[in-house]
Amino acid sequence: MTNHLYQNDLPDDLDLGPIVAIDCETMGLNPHRDRLCLIQMSSGDGDCHLVQIKPGQTEASNICKLLANPDVLKLFHYGRFDIAAMAQAFGTVAAPVYCTKIVSKLVRTYTDRHGLRNLLQDTLGIDISKFQQQSNWGSENLTDAQLSYAASDVLHLHKLREVLNERLEREGRTEMAQACFDFLPMRAQLDLAGWPDQDIFSH
């Protein structure tokens, strides 16, 4: 496994393939208040490509091209937040998307533990550390431990998707999951527009 760290954007000549796992690190959980600091991506080959975003940055043309590319599936765990964070920073909404947390809730109804660590332990027998989760991602110089933690959030998502797709098919919920994925970019936009906690489908 190799971590490749870039500043401000992905390289012009980097091709991450048709399915790209993506995760973000921010200064907090409010995308209006807390800036985007780091975006990590993997093509599923064991390498991670990390982009450090500078304060006040509003453009990243290569990242935005990837997010908007209809031929590239963007793979997330809790994509609702990451999609919103990147849309708030750059004005580009990721699509099409796949979210392993949504699938976990559709097929692992025997538990209420749907965090990535629990999901990886249950499905793949992989244990990842969450020790760096609440570290200072706005630091100008990220540590090796921070980069390794950030990479761990994307390196296993391709294999996880394969296992979860099998469970979706087994439970007859593949079409239901796809409908959720299709709506997810709009769910993130609703969060940004002022409906983060309200169920607009309720009475």
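Our subject is the structure that appears above.
Quantities reported herein were computed from a predicted structural model and do not represent experimental measurements.

### Here we look at the overall build of the protein
No. 1: When you go through the protein residue by residue, the secondary structure sums to 7 helices and 6 strands.
No. 2: A compact globule built from 203 residues would reach a C-alpha radius of gyration of about 17 Å, and the protein, at 16 Å, matches this within 12%.
No. 3: Projected onto its principal axes, the C-alpha coordinates of the protein cover approximately 45 × 40 × 30 Å.
No. 4: Scored against the burial criterion, the 203 residues of the protein give a buried share of 47%.

### A word on the pattern of salt bridges
No. 1: In this structure the tally under the stated criterion is 8 salt bridges.
No. 2: As a salt-bridge pair, Arg-108 and Asp-122 come within 2.9 Å of each other at their nearest N and O atoms. Residue Arg-108 is located in the loop between helix H3 (100–107) and helix H4 (116–124), and its partner Asp-122 is located in helix H4; the two are separated by 14 residues in the primary sequence.
No. 3: Between Arg-117 and Asp-127 there is a salt bridge; the shortest N-O distance is 3.0 Å. You can see Arg-117 sitting in helix H4 and its partner Asp-127 sitting in the loop between H4 and helix H5 (144–152), a full 10 residues away along the chain.
No. 4: Within the structure, one salt-bridge network assembled from shared partners comprises Arg-80, Arg-187 and Asp-191.

### Quick notes on the environment of Ala-60
No. 1: Position of Ala-60 relative to the elements: it lies in the loop between strand E4 (48–52) and helix H1 (61–68).
No. 2: C-alpha of Ala-60 to C-alpha of Leu-124: the two residues are 64 residues apart in sequence and 34 Å apart in space.
No. 3: Dropping the residues within four chain positions of it, Ala-60 is found in contact with Asn-8, Asp-9 and Phe-90.

### Focus on the packing of aromatic side chains
No. 1: Summed over the entire model, instances satisfying the criterion amount to 3 aromatic pairs.
No. 2: Between Lys-101 and the ring centre of Tyr-78, over which it is positioned, the NZ or CZ distance is 5.0 Å.
No. 3: Note that Arg-161 overlies the ring of Tyr-98, its terminal NZ or CZ placed 5.2 Å from the centroid.

### Some remarks on the sheet that holds strand E5 (residues 73–76)
Each strand in a sheet pairs with another by means of backbone hydrogen bonds, the pair being arranged parallel or else antiparallel.
No. 1: If you trace the 6 strands from one edge of the open sheet to the other, you get E1-E4-E3-E2-E5-E6, paired in mixed fashion. Every interior strand has two partners, whereas the edge strands, strand E1 (3–7) and strand E6 (97–99), have only one. Between one strand and the next, the sheet's axes are offset by a mean angle of 25°, whatever the strand orientation.
No. 2: Pairing between strand E2 (residues 19–26) and strand E3 (residues 36–42): 6 bridges, direction antiparallel. Across the sheet, the residue bridging to Ala-21 is Ser-42, located in E3.

### Side note on a nonpolar patch on the surface
No. 1: A cluster of nonpolar side chains, contributed by Phe-183, Met-186, Trp-195, Ile-200 and Phe-201, occupies part of the molecular surface with about 510 Å² of accessible area.
No. 2: With respect to the element layout, Phe-201 can be found in the segment after helix H7 (174–193).
No. 3: Using a relative accessible area of 66% as the deciding quantity, one classes Phe-201 as exposed.

Here is what the cut-offs are and how they apply
- Residues numbered from 1 in each chain as written.
- Predicted model: local features only at pLDDT ≥ 70, side-chain atom pairs only at ≥ 80, totals over all residues.
- Heavy atoms only, no water.
- Helix = DSSP H or I, 4+ residues; strand = E, 2+ residues; numbered from the N terminus.
- Rg over C-alpha atoms; globule rule 2.2 N^0.38 Å.
- Buried < 20%, exposed > 50% of the residue type's maximum accessible area, 1.4 Å probe, protein only.
- Salt bridge = Lys/Arg side-chain N within 4 Å of Asp/Glu carboxyl O.
- Contact = heavy atoms within 4.5 Å.
- Phe/Tyr/Trp six-rings, centres within 6.5 Å; stacked < 30°, edge-to-face > 60°.
- Lys NZ or Arg CZ within 6 Å of the ring centre and 35° of its normal.
- Pairing = 2+ DSSP bridges.
- Axes fitted to C-alpha atoms, helices over the stretch in contact; angles between N-to-C directions.
- Patch = residues over 30% accessible without salt bridge, like charges linked within 9 Å, V, L, I, M, F, W, Y side chains within 5 Å.
- Areas by Shrake-Rupley, 256 points an atom, 1.4 Å probe, with all protein chains shown as cover.

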